[in-house]
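Commentary on secondary and tertiary structure
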Amino acid sequence: MERSFKSWEKEVIRCIRCGACQNVCPVFKELQAESTVARGRVKLIRGVIDHELELTEGFIDKMSLCLMCKACVINCPSGVKVDKLVEAARKEITEKKGLSLLKNLIFRLVLKNRWVFNTCLRTGSLFQGFVFRKGPNGQGMLPRMSLGIDKRRLLSPLAPKPFKSMYSEVVKVPAATRRVAFFTGCMINYIYTDTGRAVINVLKRNGVEVVIPALQNCCGTPVRINGDYETAKVMARANIDVFLKEEFDAVVVACGTCGLSLKEEYAELLEDDLIYAEKAQKLGGMVKDFTELVVSLEGFRDKMGCLPIKVTYHDPCHLVRGLKVREQPRQIIRSIPGIDFKEMNKPDTCCGSGGSFSLYHYELSTKINDHKVEDINQTGAEVLVTGCSACRMHIADGLNRQAEHPVQVMHTAQLLEMAYEAKEFKGEKDTKWNKKYKGNQENTLKDLVEISRRE
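Below you will find a few notes about this structure. Counting restarts for each chain: residues are numbered from 1 in the order of the written sequence. Side-chain atom pairs in this predicted model are given and counted only at pLDDT of 80 or more, local residue features only at pLDDT of at least 70, and totals for whole chains, interfaces and linings cover all residues. In computing side-chain values, all of the structure's heavy atoms are included and hydrogens and water are not.

1. With respect to the overall build of the protein
Within the protein, the secondary structure is distributed over 23 helices and eleven strands. Structurally, the protein occupies a C-alpha span of about 70 × 50 × 45 Å along its principal axes. Relative to its 455 residues, the protein shows a buried fraction of 55%. Considering only contacts within the protein whose residues lie at least 6 apart along the sequence, 76% involve residues at least 24 apart. Surface accessibility in these figures is a Shrake-Rupley result with a 1.4 Å probe; residues are shielded only by whichever protein chains are displayed. Of the roughly 20,100 Å² of accessible surface on the protein, a fraction of 52% belongs to carbon and sulfur atoms. Charge separation in the protein, taken as the distance between the mean sites of 69 positive and 56 negative side-chain charges, equals 2 Å. Secondary structure elements are defined from DSSP: runs of H or I of at least 4 residues count as helices, runs of E of at least 2 residues count as strands, and each element is numbered from the N terminus. Partly exposed describes any residue whose relative accessible area lies between the buried limit of under 20% and the exposed limit of over 50%, with all areas from a 1.4 Å probe on protein chains only and scaled to the type maximum. Contact definition: two residues touch when any of their heavy atoms are within 4.5 Å. His is not counted, nor are the chain ends, whereas Lys and Arg count as positive and Asp and Glu as negative. The atom standing in for a charge is NZ when the residue is Lys, CZ when it is Arg, CG when it is Asp and CD when it is Glu.

The following block contains the structure:
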């Protein structure tokens, strides 16, 4: 049977209140309140389980003040699964209090229904200019009015058309060595289509045939971590059916959160489902982050040209602490000729995005993000590379407010695509190209390389 809230009692009593979580919690570092650190939340959750506390607005607020970054989990000497406890508390809140009208609309009407979601975002891409204005230096966009989004927040615009509509369902390559399915996720499909194109281009150059299932939908993470398990289960089953319909060597993801959902969380969510529990396990065993797949490809380094740029890397929480992918992105970056790679002091600290967390708690998320930007600044990097679209957008917002010099933010796949294109163009990368690169923030990566080729 699905776990009741009471069944988490054995987990909460494992907390020895040592305070190790205080040293790593990004929220506690800003608020300095016991109720906003892991051991404080665990105590609150124990109070509700023992019927000493009610599901008050204060309790609900404290449960929302968690980034789900897993830093406390990794550093807990007792191994308390704090993120799972918070998620269980949010599920209990949803079951007892229900969802807000807005969440009900978004989760159960929009995200759950692929056609509705696609129609809403495609329509939004046509009219976003009325709601948003261009950001500084022509980058991103800023809200003209609040609409629940802070007017200072720099966002990336919706793409003119979704990524999936730009390709046939099967991207064939001659004499393919592998055949993989690509789980695009929402942000790559509707916003960062440049990341999706880079993934496809890199895999094609390495002889990998890519299938982009048209019927895939949102991974369901926003729904699940907000406590709506029933809707999340429907979404998980739908994706499982889509990706197990054919045989693939792997299911590739380019987002740590989506990857963790497919690899582990579907199996946890559906563990009591007699039909889908085994299917979820099978899908999980096929999931690979883009960088994991690339470093396993023989000869992926042979196609690289020289990129004379200074780069640093940000570890997305769910990629580094969830999927345990840490070295593979660095292996790719370090293997590119000309790259000057500078590590941040704390590359794996949370940037403060937390998906919808930064929407509900923007002031707090920006304070957390400011520390990340300071760390980026001290490297002197021209490019910040990461493996998560949500991190990409949030860090770009922080850099817009705090950066000491222009910094381009991109996915690891895009940097590798640039290196491949540099090789094709005979490595004609010099000071002039570097100047063009740093001075044309609006250009796509492909445009930047083509500019260098012309000049």
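2. Observations regarding the pairing of strand 11 (residues 408-411)
A two-sided burial pattern is seen for strand 11, the buried positions comprising Gln408 and Met410 on one face and Val409 and His411 on the other. Following DSSP output, two strands are said to pair if at least two bridges run between them. Looking at chain direction, strand 10 (residues 383-386) and strand 11 are connected through four bridges and run parallel. In the strand pairing of strand 11, leucine 384 is matched with valine 409. Think of it like this: strands point away, you trace from the first strand over the helix to the second, and a clockwise trace means the crossover is right-handed. Crossover handedness for the path strand 10 to helix 20 (residues 389-402) to strand 11: right-handed.

3. Some remarks on the sheet that holds strand 8 (residues 310-314)
Spatial ordering of the open sheet is given by 9-8-10-11, a layout of four strands whose pairing is parallel. Bordering the open sheet on either side are strand 9 (340-341) and strand 11, each of which pairs with just one other strand. Fitted lines through C-alpha atoms give the axes, limited to the stretch in contact for helices. The angle between two N-to-C directions lies from 0 to 180 degrees. Most of the contacts of helix 21 (residues 412-424) go to strand 11, to which it runs at about 95 degrees, and overall it touches strand 8, strand 10 and strand 11.

4. What about the sheet that holds strand 6 (residues 250-253)?
Read across the open sheet, the five strands follow the order 3-5-4-6-7; overall the sheet is mixed. In this open sheet, the two strands that pair with only one neighbour each are strand 3 (170-171) and strand 7 (287-289). Examined bridge by bridge, strand 4 (residues 178-183) and strand 6 share four bridges and lie parallel to one another. Its bridge partner lying in strand 6, valine 180 is registered against alanine 250.

5. What about helix 19 (residues 362-379)?
Helix length check: helix 19, at 18 residues, gives a terminal C-alpha distance of 26 Å against a target of 26 Å (1.5 Å per residue), a fit within 8%. The element helix 19 is extensively covered by neighbouring structure, given that 13 of its 18 residues are classed as buried. Looking one or two residues beyond helix 19, the residue adopting positive phi is glycine 380, at roughly 70 degrees. To estimate how far a helix should extend, the number of its residues minus one is multiplied by 1.5 Å.

6. With respect to the packing of helix 13 (residues 256-269) against helix 14 (residues 277-286)
In the contact formed by helix 13 and helix 14, the axes pass within 7 Å of each other and the chain directions differ by 165 degrees. Classed by the angle they form, the pair helix 13 and helix 14 counts as roughly antiparallel. Crossing geometry of helix 13 relative to helix 14 is assigned as left-handed. Here helix 13 contributes Leu262, Lys263, Tyr266 and Ala267 to the contact with helix 14, which in turn contributes Ala280, Gln281, Leu283 and Gly284. Only Asp, Glu, Lys and Arg are considered charged, only Ala, Val, Leu, Ile, Met, Phe, Trp, Tyr, Cys and Pro nonpolar, and every remaining residue, Gly among them, polar. Looking at the contact of helix 13 with helix 14, its residues break down into five nonpolar, two polar and one charged. Oblique is the label for any angle not covered by the other classes, which are roughly parallel (under 35 degrees), roughly antiparallel (over 145) and roughly perpendicular (65 to 115). Helix crossings get a hand from a simple test, with the near helix turned counterclockwise from the far one by less than a right angle marking a left-handed crossing and a clockwise turn marking a right-handed one.

7. Looking at the nonpolar core
Core analysis: the largest hydrophobic core is formed by 45 residues, its most contacted members being Leu203, Phe290, Leu307, Val311, Ile339 and Leu415. Counting residues per element, this core draws most heavily on helix 21, which supplies seven residues. Setting aside chain neighbours within four positions, we find phenylalanine 290 in contact with Val199, Val202, Leu203, Val252, Val253, His411, Ala413 and Leu416. The set of buried Ala, Val, Leu, Ile, Met, Phe, Trp, Tyr and Cys residues whose side-chain atoms join them within 4.5 Å is what this entry labels a nonpolar core.

8. Here we look at the environment of arginine 133
Looking at the secondary structure, you find arginine 133 in strand 1 (residues 132-134). Arginine 133 gets classed as partly exposed once you look at its relative accessible area, which sits at 37%. A sequence separation of twelve residues divides arginine 133 from methionine 145, and the C-alpha atoms of the two residues are 9.8 Å apart. Excluding residues within four positions of it along the chain, arginine 133 makes contact with Gly140, Met141, Leu142, Pro143 and Arg144.

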